Amino acid sequence: MPDERNDQLFRYASLSNYPLKERILIRLGGMLFYVLIRAFGVTSRFDVRGLEHLAAIEQAGRLAIYTSWHDRIFLSTYAWRDRGIAVMTSQSFDGEYIARFIQRFGYGAVRGSSSRGGARALVEMIKAMRDGHPMGFTVDGPRGPRYEAKPGPVMLAKKTGNAILPFLVETRRYLTVNSWDKMQIPVPFSRSRLLIAKPIYVDADADAAEVESKQRELQKALDEMVEQGRQWSGR
């Protein structure tokens with residue numbers, strides 16, 4: 001069963017339920033975003049801070065639950081490529097082309113979202129972690145509010161015993177997309193800094209108050225990295 005689940009995570013889903021036009025657009029969209037992210041990513045110059053926090057998780061025999069803000073997803077996808085990280089994608093037209101371009105970067109796709117199929121997605125993420133896959137969250141996605149942490153990573157950490165790893169990619173020069181999250185697209189050859197915070201563990205028997213406290217801790221870690229990034233970039 002684990003091998004079958006792994007195949008589903010890293011294999012393109014069937015598009016048989018979509019009309020021909022949407023099947024073509026999904027394939028084209030998946031390829032286009034892959035090419036764009038790779039082209040911008042390969043020209044970025046990364047400076048990494050806090051890699052010892054990821055090493056501490058691995059030395060403890062745990063898996064990381066990579067967690068960041070939605071507006072940093074473009075360059076984050078490139079920064080953490082080919083690590084077998086699984087991420088949640090929505091059960092929709094948009095979710096299909098997103099799944100395809102992230103799978104090209106070596107990610108797995110878990111079906112569901114915080115608005116549709118969320119409970120099922122959490123169960124599938126728990127299963128995938130038990131099969132040995134780290135997870136990834138854009139914690140204020142898919143629709144915001146922007147920079148407001150949701151409880152998904154905390155609940156996953158509680159259920160699996162693995163560690164939340166907050167991180168942030170800050171880029172010195174970027175363009176902003178006119179979307180709810182104001183997604184950042186790096187200018188080619190810009191300097192970028194990958195900030196990694198201390199891991200956050202959640203006890204299996206944590207009550208509602210403790211879960212809320214850990215969610216606030218995650219919020220604080222991400223907020224502090226945003227400020228650190230602004231200071232480094234001079235904004």
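Only a predicted model underlies this, so the values are computations on that prediction, with no experimental measurement involved.

Before going further, it helps to examine the packing of helix H2 (residues 20–43) against helix H5 (residues 93–104). At a minimum axis distance of 8 Å, the contact between H2 and H5 shows a crossing angle of 40°. As judged from the angle between their axes, H2 and H5 are oblique. Pair H2 / H5 crosses with right-handed handedness. Counting all contacts with H2, which are made through Glu-22, Leu-25, Ile-26, Arg-27, Gly-29, Gly-30, Met-31, Phe-33, Tyr-34 and Ile-37, the residues of H5 involved are Phe-93, Glu-96, Tyr-97, Arg-100, Phe-101 and Arg-104. Residues of the contact of H2 with H5, tallied by class, amount to nine nonpolar, two polar and five charged.

Here the focus is the pairing of strand S2 (residues 64–68). Within S2, five of the five residues are buried, leaving the element largely enclosed by the surrounding structure. Across the two faces of S2 the burial is the same, with Ala-64, Tyr-66 and Ser-68 and Ile-65 and Thr-67 all buried. Across four bridges, S2 lies against strand S6 (residues 163–171) in parallel orientation. Residue Thr-67 lies in a different strand from S6, and its bridge partner there is Pro-166. Pairing of S2 with strand S5 (residues 135–138) involves four bridges; the strand directions are parallel. In the sheet register, Ser-68 faces S5, and the bridge partner there is Thr-138.

Taken together, the buried positions of helix H3 (residues 51–59) are occupied by His-53, Leu-54 and Ile-57. The buried residues of H3 all sit within an arc of 100° when viewed along its axis, so they share a single face. Exposed residues lying more than 90 degrees from the buried face of H3 are Glu-52 and Gln-59. In this structure, the buried side of H3 is in contact with S2, S6 and strand S9 (191–196). A positive phi of about 75° marks Gly-61, the residue just after H3.

What follows deals with the pattern of salt bridges. In total, this model carries eight salt bridges according to the counting rule given. In this structure, Asp-47 and Arg-49 form a salt bridge, with 3.4 Å as the shortest nitrogen-oxygen distance. On the basis of relative accessible area, Arg-49 is assigned to the partly exposed category, the value being 41%. Between Arg-72 and Asp-71 there is a salt bridge, with its nearest N and O atoms 3.1 Å apart. Of the two residues, Arg-72 and Asp-71, both sit in the buried class.

Rules of the game
Residues numbered from 1 in each chain as written. Predicted model: local features only at pLDDT ≥ 70, side-chain atom pairs only at ≥ 80, totals over all residues. Heavy atoms only, no water. Axes fitted to C-alpha atoms, helices over the stretch in contact; angles between N-to-C directions. Helix = DSSP H or I, 4+ residues; strand = E, 2+ residues; numbered from the N terminus. Parallel < 35°, antiparallel > 145°, perpendicular 65-115°, else oblique. Left-handed = near helix turned anticlockwise from the far one by under 90°. Contact = heavy atoms within 4.5 Å. Nonpolar A, V, L, I, M, F, W, Y, C, P; charged D, E, K, R; others polar. Buried < 20%, exposed > 50% of the residue type's maximum accessible area, 1.4 Å probe, protein only. Pairing = 2+ DSSP bridges. Arc of directions from axis to C-beta. Salt bridge = Lys/Arg side-chain N within 4 Å of Asp/Glu carboxyl O.

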